[in-house]
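# Residue-level structure breakdown
Read off the chains here:
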Amino acid sequence: MAFESVRAEYLAYLRVERGASPLTVSAYESDLADYARFLDHRGITELSSVSRSDIVGYETHLLEQGYAVTSIDRHLSVVKGFHRFLVREGRLDSNPTSTVKLPKPPSRLPDVVSIDVIASMLDLMDGIDAISLRNRALLEALYGCGLRVSEAVGLDLDRIDFDEGFVRIVGKGGKERVAPLSGCAAAALSDYLERARPQLAKPAAPSASAVFLNARGSRLSRQSAHKIVADAGMLVGIGNLHPHTLRHSFATHMLEGGADLRVIQEILGHADISTTQIYTHVNRSHIREEYLAAHPRARA
């Protein structure tokens, strides 16, 4: 059984039947190519010859290459899914990955920026040129609506409803959800769309429906959005501020403000409440820090 042909079948399955995004399919393709190189190095030319020891060997190989536990977990998850697909489709009789457990990543709470720091950062972004207004609107949307960076740059004009006060977002797996839009985020977006976006838009440029445009009139890229956020972080002394940190901060501040965990789950687009529950741990950490800082005998 040729690896390339069945890999193509699996990627098509992810695209068509699972509705995986192009970025997800690309990541799976890259991980499977790495797995194929490992098998080739071992002299394995038939997938039916892969054994459990080969899978364990692949895990060891990734570890020796210096991959983090989270990256090893992702690579093995892709391989396990690939072999499950082959068995389900009748291409293999048995699954060599079935008894291989994924490495447990270390428990790590998400990075969070305080409300005061975010307020200071956004206050410093007070430029009135088109690019400055766009950057301010992007940051307000990421933090104010809890968006992933891919959701922000993928946002189209017809998905914003200022009258009703919400944004329709296409998230992971093409699933659509609604996030509230009000206050500073709504004001910054409205200001950008009225005063700045018309200056950036070019009649012949692609992505005419995109909300966030670059200087050439095309849809803003993820890389550009990352740089905008990182540059904004430097204004308040935060090195390498990540867009996802703003999303984490949104969820944490919502929880601290008394929002129901199910509401936060809905806004963030988490399929499982257990994913959202990590913010309860962040909240508890915040409570403990406040206690240690305020109680006169807490550090005795």
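These numbers come from a predicted model, not from an experiment. Along each chain, numbering runs from 1 in the same order as the chain's sequence is written. Owing to the predicted nature of the model, reporting of local features is limited to residues with pLDDT of at least 70; listing and counting of side-chain atom pairs is limited to 80 or more, with chain, interface and lining totals taken over all residues. The side-chain figures draw on all heavy atoms in the structure; neither hydrogens nor water molecules are used.

Interaxial distance between helix H6 (residues 130-145) and helix H10 (residues 243-256) falls to 7 Å at its minimum, and their mutual angle equals 40°. On the basis of the axis angle, H6 is oblique to H10. Counting all contacts with H6, which are made through Leu139, Leu142, Tyr143, Gly144 and Cys145, the residues of H10 involved are Pro243, Leu246, Arg247, Ser249, Phe250 and His253. Looking at the contact of H6 with H10 residue by residue, the classes come out as seven nonpolar, three polar and one charged. Axes here refer to lines fitted to C-alpha atoms; in helices the fit is confined to the stretch in contact. Angles between the N-to-C directions go from 0 to 180 degrees. Secondary structure elements follow DSSP: runs of H or I no shorter than four residues count as helices, runs of E no shorter than two count as strands, and numbering proceeds from the N terminus. When describing relative orientation, an angle under 35 degrees is termed roughly parallel and one over 145 degrees roughly antiparallel, while 65 to 115 degrees is termed roughly perpendicular and anything else oblique. Any pair of residues with heavy atoms lying within 4.5 Å of one another is described as a contacting pair. Three classes are used, and their members are as follows: Ala, Val, Leu, Ile, Met, Phe, Trp, Tyr, Cys and Pro are nonpolar, Asp, Glu, Lys and Arg are charged, and the others, Gly among them, are polar.

As a further point, take the pairing of strand E2 (residues 166-170). The cut-offs for exposure are 20% and 50% of the maximum accessible area for each residue type, with area from a 1.4 Å probe on protein chains only; residues under the lower value are buried, those over the upper are exposed, and the others partly exposed. Burial of the side chains of E2 is restricted to one face: Val167 and Ile169 are buried, whereas none of Phe166, Arg168 and Val170 on the reverse face is. Between any two strands, at least two bridges found by DSSP are needed for them to pair. Relative to E2, strand E1 (residues 160-161) is paired through two bridges, and the arrangement is antiparallel. The residue of E2 that forms the bridge with Ile160 is Val167. From the end of E1 to the start of E2, which pair antiparallel, there are four residues, and Gly165 there has a positive phi angle of about 75°. Here E2 pairs with strand E3 (residues 176-180) via five bridges, running antiparallel. In the strand pairing of E3, Val167 is matched with Ala179. A loop of five residues connects E2 with E3, the two strands running antiparallel in sequence, and Gly173 in this loop sits at a positive phi of about 70°.

This brings us to helix H5 (residues 115-124). Every buried residue of H5 is listed here: Ile118, Met121 and Leu122. For H5, the angular spread of the buried residues around the axis is 95°, confining them to a single face. In H5, the exposed residues that point more than 90 degrees away from the buried face are Asp116 and Asp123. Buried residues along H5 sit in contact with H6, helix H9 (222-235) and H10. Here the arc refers to the directions that run from the helix axis out to each C-beta atom.

Helices that pack against each other are described as a pair by the angle of their axes relative to one another and the distance between those axes. Helix H11 (residues 261-268) packs onto H10 with a crossing angle of 155° between their chain directions and a minimal axis gap of 10 Å. The orientation of H10 with respect to H11, classified from their angle, is roughly antiparallel. Crossing of H10 against H11: the hand is right-handed. On H11, the residues that touch Arg247, Phe250, Ala251, Met254 and Leu255 of H10 are Leu261, Ile264, Ile267 and Leu268. Considering only residue class, the contact of H10 with H11 consists of eight nonpolar, no polar and one charged. By convention the crossing between two helices is left-handed if the near helix lies anticlockwise of the far one by an angle smaller than a right angle, and right-handed if it lies clockwise.

It is worth spelling out the environment of Glu164 at this point. Tracing the sequence through the fold places Glu164 in the loop between E1 and E2. You can call Glu164 exposed: its relative accessible area is 59%.

Everything listed here is a matter of geometry and, on its own, says nothing about what the molecule does.
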